[in-house]
Amino acid sequence: MSYQFIKGLVLSAVLAASPAAAAEDWAAIEQAAKAEGPVLAYTTLTPENWKVLLDAFNAKYPDVKVTPVRTGSHAETFERYRAESASGTKTADVLLAVGPDQWKALVDSKDVVPFEVSDIGQLPSFSYTADGRYTLSTDSQVVIFNKLVLPEDLWPKGTGDLVEKVKAHPEAFADKIGSYNPQVSPFAYSVYWTLKEHFGSDAFWANETVLAPELRFEQAAGVVVNKTLTGEYVVGYMLPEALVPLPDDATRDVLGIVYPNDGTPVLLREMAVMAKGSSHDGAKLLVNFLTSAEGQVALGKAGLTPYSPAAEGKVSRHYNNIVAGGDSAKSVALYKWEPRVDEEMKDFRAKFHQLAGE
């Protein structure tokens, strides 16, 4: 799918009109970063993710140290920064997290440092904002299935297709679809709310009338993957692609992975340099690297989903895979926070609870 298609997506921003538009002196920033302390990064990324990223970063910047701090959730990432900065405690130089509403609040409070990365001209417009936020990776939600237990004619292609197959063959799917729980998880609620907006309320709830009673909820994607591999589940529904391992020699004949062809929810994992941090130059260097072609390829090798056109074809997973060969208006369901997301949560969860029965 072409770069021009991506440029046409929503969330476009005109960085040139912002205070961040002035070109950065990257040679001077690198020299200043060497004299700063370690770059403190708060994120939900795993140590395994970071090893790949930092190996690549330090191959280019061996004298700039990055210290990742893993948080338990995206919400905790923001909460920890706020609590520490309010008390004057040393805090993060970079945040990397999903949370459009949380990011807006930080921008409003002047906690985000605006600046322009060196590859801004090559990035799709949805991946940056005028206030200094950049997309680290696109978190696509996929459907997985057991290819050995589930007959091939029942392998799901998307939500609508899965609904029709559950209706036609309920015995094959009864109590055998794993997912996250939108009734308790803010992340899962964002995913399911995105589907509601994408399909329209009536179509979404018609789908959930069929699917919700068959869903079994887990707190970790790894549990759903393992239970799908063993056949306890035949389908894993709406799981973060970055947390689903690519099939290897041991699982390739068992694990099927698809981007739902009628709507793949995409949440943006964003990052920014934080004003209350103490290593701004090193933080800028890290964000700049992670948006570069080299950094985006490293992201793909670390198991995340890059979006830069320069990384396409060099990694196993790429944002463009979602729309390849499909109708872009149907295949991408991009999460966009607005006040209605919070306002509708209570009623949404109550209705979902009635259907799911737990």
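The following paragraphs examine the structure supplied in this document. (Residues numbered from 1 in each chain as written. Predicted model: local features only at pLDDT ≥ 70, side-chain atom pairs only at ≥ 80, totals over all residues. Heavy atoms only, no water.)

Re the overall build of the chain
Item 1. For the chain, the helix and strand inventory stands at 15 helices and ten strands.
Item 2. Scaling as 2.2 N^0.38, a compact globule of 358 residues should have a C-alpha radius of gyration of about 21 Å, and the chain matches this with 21 Å.
Item 3. The principal-axis extents of the C-alpha atoms in the chain amount to approximately 65 × 45 × 35 Å.
Item 4. Considering only contacts within the chain whose residues lie at least 6 apart along the sequence, 77% involve residues at least 24 apart.
Item 5. Accessible surface, the chain: about 14700 Å² in total, of which carbon and sulfur atoms supply 53%.
Item 6. Side chains of the chain give 33 positive and 46 negative charges; the mean places of these two sets differ by 1 Å. (Helix = DSSP H or I, 4+ residues; strand = E, 2+ residues; numbered from the N terminus. Rg over C-alpha atoms; globule rule 2.2 N^0.38 Å. Contact = heavy atoms within 4.5 Å. Areas by Shrake-Rupley, 256 points an atom, 1.4 Å probe, with all protein chains shown as cover. Lys, Arg positive; Asp, Glu negative; His and termini not counted. Charge placed at Lys NZ, Arg CZ, Asp CG, Glu CD.)

Examining the pairing of strand E3 (residues 94-97)
Item 1. Taking every second residue as pointing to the same face, both faces of E3 are buried, with Val94 and Leu96 on one and Leu95 and Ala97 on the other.
Item 2. Here E3 pairs with strand E9 (residues 264-273) via four bridges, running antiparallel. Within E9, the position partnered with Val94 by the bridge is Val273. (Buried < 20%, exposed > 50% of the residue type's maximum accessible area, 1.4 Å probe, protein only. Pairing = 2+ DSSP bridges.)

Some thoughts on helix H12 (residues 293-301)
Helical geometry note: an α-helix holds 3.6 residues per turn, so side chains three or four residues apart project in the same direction.
Item 1. Here H12 has its buried residues at Gly295, Gln296, Val297, Ala298, Leu299 and Gly300.
Item 2. Here the buried face of H12 lies against helix H3 (47-60), strand E4 (134-146) and helix H11 (280-291).
Item 3. Of the residues one or two after H12, Gly303 is the one with positive phi, at around 100 degrees.

Points about the pairing of strand E1 (residues 39-43)
Item 1. When you tally the buried positions in E1, you get five out of five residues, the bulk of the element.
Item 2. Side chains Val39, Ala41 and Thr43 of E1 all project onto a buried face; the interleaved residues Leu40 and Tyr42 project onto the opposite face, where all are buried too.
Item 3. With five bridges joining them, E1 and strand E2 (residues 66-70) adopt parallel strand pairing. Considered in E2, the bridge of Thr43 is made with Arg70.
Item 4. Crossover E1 to E2 through H3 is right-handed.
Item 5. Across three bridges, E1 lies against E3 in parallel orientation. Paired with Tyr42 across the strands is Leu95, a residue of E3. (Right-handed = clockwise from strand over helix to strand, strands pointing away.)

Regarding helix H8 (residues 186-199)
Item 1. Between the first and last C-alpha of H8 there are 20 Å, a value that for 14 residues agrees with the 20 Å anticipated at 1.5 Å per step.
Item 2. Of all 14 residues in H8, ten are buried, a share of seventy percent or more.
Item 3. Here H8 has its buried residues at Phe187, Ala188, Tyr189, Ser190, Val191, Tyr192, Trp193, Thr194, Leu195 and Lys196.
Item 4. Just beyond H8, the residue with positive phi is Gly200, at close to 95 degrees. (Expected span 1.5 Å × (residues − 1).)

Examining the environment of Val210
Item 1. Here Val210 shows up in helix H9 (residues 201-211).
Item 2. As for Val210 and Thr291, which are separated by 81 residues in sequence, their C-alpha atoms are 41 Å apart.

Describing the side chain of Arg133
Item 1. Note that Arg133 resides in the loop between helix H5 (100-108) and E4.
Item 2. Apart from residues no more than four positions distant in its own chain, Arg133 is found in contact with Trp103, Lys104, Val107, Ser127, Tyr128, Glu270, Met271 and Ala272.

Overview of the packing of H3 against H11
Item 1. For the pair H3 and H11, the least separation of the axes is 11 Å and the interaxial angle reads 105 degrees. By the angle between their directions, the pair H3 and H11 is classed as roughly perpendicular. Contacts between H3 and H11 involve Trp50, Leu53, Ala56, Phe57 and Lys60 from the first element and Leu285, Leu286, Phe289 and Leu290 from the second. (Axes fitted to C-alpha atoms, helices over the stretch in contact; angles between N-to-C directions. Parallel < 35°, antiparallel > 145°, perpendicular 65-115°, else oblique.)

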